Each structure stands twice: as C-alpha cells, then as structure tokens.
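In case you want the letters, here they are:
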Amino acid sequence: MSHLLAVVNQKGGVGKTTTAVNIAAYLAAKGQKVLLIDLDPQGNATSSFGVEKNAQAITIYDVLINSVAISDAMLDVGRKNLRLCPANIQLAGAEIELVGFVSRETILKQALTEVEGQFDFILIDCPPSLGLLTINALSAANGILVPIQSEYFALEGLTQLMETVSLIKRGLNPSLAIFGVVITMFDSRTQLAHQVAGEVRRYFGERVFRTIIPRNVRLSEAPGFGKVIMEYDPRSKGAACYDALAKEIIRRARGN
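Right, let's walk through the structure included here. What you see is a predicted model; the values in this text were computed from it and never measured. (Residues numbered from 1 in each chain as written. Predicted model: local features only at pLDDT ≥ 70, side-chain atom pairs only at ≥ 80, totals over all residues. Heavy atoms only, no water.)

## Structural notes on the pairing of strand 5 (residues 121-125)
Among the 5 residues that make up strand 5, 5 are buried, leaving the element largely enclosed by the rest of the structure. Examined bridge by bridge, strand 1 (residues 3-7) and strand 5 share 5 bridges and lie parallel to one another. Bridging from a neighbouring strand, Leu5 pairs with Leu123 of strand 5. Here 5 bridges tie strand 2 (residues 34-38) to strand 5, and the two strands are oriented parallel to one another. When the bridges of strand 5 are listed, Asp38 appears paired with Asp125. (Buried < 20%, exposed > 50% of the residue type's maximum accessible area, 1.4 Å probe, protein only. Helix = DSSP H or I, 4+ residues; strand = E, 2+ residues; numbered from the N terminus. Pairing = 2+ DSSP bridges.)

Now the structure itself:
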C-alpha cells in the first residue's frame, strides 16, 4: 500500500512546494517509487522539475474535471523512480467547476485507485487554501505532512487546518492522520525562530520531525533553474537537511 501524503498548510510562503519537490526527489533517489501530484494552480512543483507547465496537453485538471485516467497525466521527468502529475493555471477554475459534481470531495481519491499500488509514496502538493482542491487531497490521503515556518505567524491558521482535518476524518476519510510536521525557514541566529520551534513541538509533540529545514538561499534559487536542491547544490545545507528529512520519512513510514 502506498503512503499517500498531502503536503498542506493554507498559509502561503511556508516552504510547502520546496518541501514537496525535494522530499519527492530524495525519496526517489533512495529507491522509493514516488508519484508527485501538483495540485496547486500556480504549478510551481511542475516548474521545479524543469517542466514547461503551460505546454502540457494533459494535467491534473483533466483528471479531476474530464475523467482522464491519472496514468495518462503522469510525466517522466528524467529522474529514476519519480513521476509527476503536472498542473498549471487552468486548475484555478476547478474549484468552481467541482461544485456541481457528484462526490466532488472524493474525485481525486477515486482517480488514485488506479495507481496506488504502483508507488511507495504518493505526495500531493496542495494549494495554500482549504478549498475543494485541498479537501480532495485530504480525502485521498492517509496522512498529512505540514510544513510550518519558524516565524511570528507560524501557528496562525493551524487551528482552522486541524478543524478541517477533523471534519474530513468524521465525514470522508476516517483513516486520515498527521504523518508529520516539519519546521522550515529556520534562522538559528534569531531567538524568535527558537521560540516558534519550541511552540510547534509543544503543540504537535513527537509528530514533529527532528530535521529542521534552514533558511537557505540555494533552496530558493534551485527552482529557477528547473532543478531540485540535490541537483543544483548537493553540498548545501538545504540539501543535507532534505536528505536527512527523507530518511526520517522512510523510517516513520516503516514504523521505526
């Protein structure tokens, strides 16, 4: 059975897509078969692998709206063990179009039944909102991975996210659980960053990963070159941390 993880935080700018693409790359490099689904209309996860998002004939939009098989939307992005289901701005209209669909909250879940056994990990990069796209991801997932930046407003909105998760558990997906929380954009020079990290650990306890992702300019630069950090600067601090995080994820997935 695949570990199907929704990478979710309704706040923008928390390192969500950076986390999703780099985890996907490192998991694949460690021999895990990975499918990354870009469910954000901005299509940044798609661009991060050097894929021209606006040139794609079939995207996740077609899977959700036009009943296209998800296997027909998957791309080989030239990385062993890694496939990508791309997105572009066309997906922005899906929030409105899905409203009129029967079982609109579980369309992605139904689509994934075709391929779930083919991958060790299926990662869904969610949009920074709690609309129907994110609800589809939460309905399909068996775990959520929450990136939280170590800044002043880090915990703002988390109550709403947890309430949404509880609603999904009660009504659509009883098996949904918090797989893990990762602290991102950590600046060890500031007292505030340490205070926020402490608050996050008090709130989530052992669900917080030991690995902390630092502020790292190389992580910010890599997507502009269509590369993940292990390709752009494998010796950087950001690369070392995402490598360590991927190892933690594999251990946790195995129950170790």
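From this point, things continue past the structure.
## A look at the environment of Leu161
By the element assignment, Leu161 lies in helix 8 (residues 158-171). Residues Leu161 and Gly143 lie 18 residues apart in sequence; the distance between their C-alpha atoms is 14 Å. Apart from residues lying up to four places away in sequence, Leu161 is in contact with Val8, Asn9, Gln10, Leu130 and Val146. (Contact = heavy atoms within 4.5 Å.)

## Thoughts on the pairing of strand 2
Both faces of the sheet carry side chains from a regular strand, because those side chains alternate between them. Within strand 2, 5 of the 5 residues are buried, which leaves the element mostly enclosed by the surrounding structure. Judged by which residues are buried, strand 2 turns out to be covered on both faces: Val34, Leu36 and Asp38 on one side and Leu35 and Ile37 on the other are all buried. Bridge count between strand 2 and strand 4 (residues 82-85): 4 bridges; the pairing is parallel. Within strand 4, the position partnered with Leu35 by the bridge is Arg83.

## A short note on the nonpolar core
Ile37, Ile60, Leu64, Leu112, Ile144 and Phe204 are the most contacted members of the largest nonpolar core, which totals 56 residues. Counting residues per element, this core draws most heavily on helix 7 (residues 132-140), which supplies 6 residues. If we skip the residues at most four places from it in the chain, Leu112 touches Leu4, Leu35, Ile37, Ile70, Ile122 and Ala140. (Core = buried A, V, L, I, M, F, W, Y, C linked by side-chain atoms within 4.5 Å.)

## Notes on the side chain of Thr211
Within the secondary structure, Thr211 is located in the loop between helix 9 (191-204) and helix 10 (217-221). Taking relative accessible area as the criterion, Thr211 reaches 12% and is therefore assigned buried. Among the polar contacts listed, one links the side chain of Thr211 to the side chain of Glu248, at a separation of 2.7 Å. Once residues within four sequence positions are removed from consideration, Thr211 is found in contact with Val182, Cys241, Ala244, Leu245 and Glu248. (Polar contact = N/O pair within 3.5 Å; in protein donor to acceptor, adjacent residues only side chain to side chain.)

## Some details on the pattern of salt bridges
All told, the structure shown has 9 salt bridges when counted by the stated rule. In this structure, the salt-bridge partner of Asp243 is Lys30, at a minimum N-O distance of 2.4 Å. Remark: Lys30 occurs in the loop between helix 1 (16-29) and strand 2 and Asp243 occurs in helix 12 (residues 237-253); sequence separation between them is 213 residues. The partly exposed category is assigned to Asp243, whose relative accessible area is 22%. With a relative accessible area of 31%, Lys30 lands in the partly exposed category. The salt bridge partner of Glu151 is Arg215, with a shortest N-O separation of 1.9 Å. With Glu151 in the loop between strand 6 (143-149) and helix 8 and Arg215 in the loop between helix 9 and helix 10, the pair connects residues that are 64 residues apart, well separated along the chain. Given the relative accessible area of 28%, Glu151 is considered partly exposed. Linked through salt bridges whose partners overlap, the residues forming this network are Lys16, Asp40 and Asp125. (Salt bridge = Lys/Arg side-chain N within 4 Å of Asp/Glu carboxyl O.)

## Overview of the packing of helix 1 against helix 12
In contact at an axis separation of 9 Å, helix 1 and helix 12 are set at 70° when each is read in the N-to-C sense. As the angle between them shows, helix 1 and helix 12 are arranged roughly perpendicular. Crossing of helix 1 against helix 12: the hand is right-handed. Each of Thr18, Thr19, Asn22, Ile23, Tyr26 and Leu27 in helix 1 lies in contact with helix 12, whose residues at this interface are Ala239, Tyr242, Asp243, Leu245, Ala246, Ile249 and Ile250. Class assignment of the residues belonging to the contact of helix 1 with helix 12 gives a composition of 9 nonpolar, 3 polar and 1 charged. (Axes fitted to C-alpha atoms, helices over the stretch in contact; angles between N-to-C directions. Parallel < 35°, antiparallel > 145°, perpendicular 65-115°, else oblique. Left-handed = near helix turned anticlockwise from the far one by under 90°. Nonpolar A, V, L, I, M, F, W, Y, C, P; charged D, E, K, R; others polar.)

## Concerning the environment of Thr113
By the secondary structure assignment, Thr113 is in the loop between helix 6 (107-112) and strand 5. For Thr113, a relative accessible area of 58% translates into the label exposed. Linking Thr113 and Ile70, residues 43 residues apart in sequence, is a C-alpha distance of 9.4 Å. Engagement of the side chain of Thr113 in a polar contact is seen with the backbone oxygen of Gln110, the distance being 2.6 Å.

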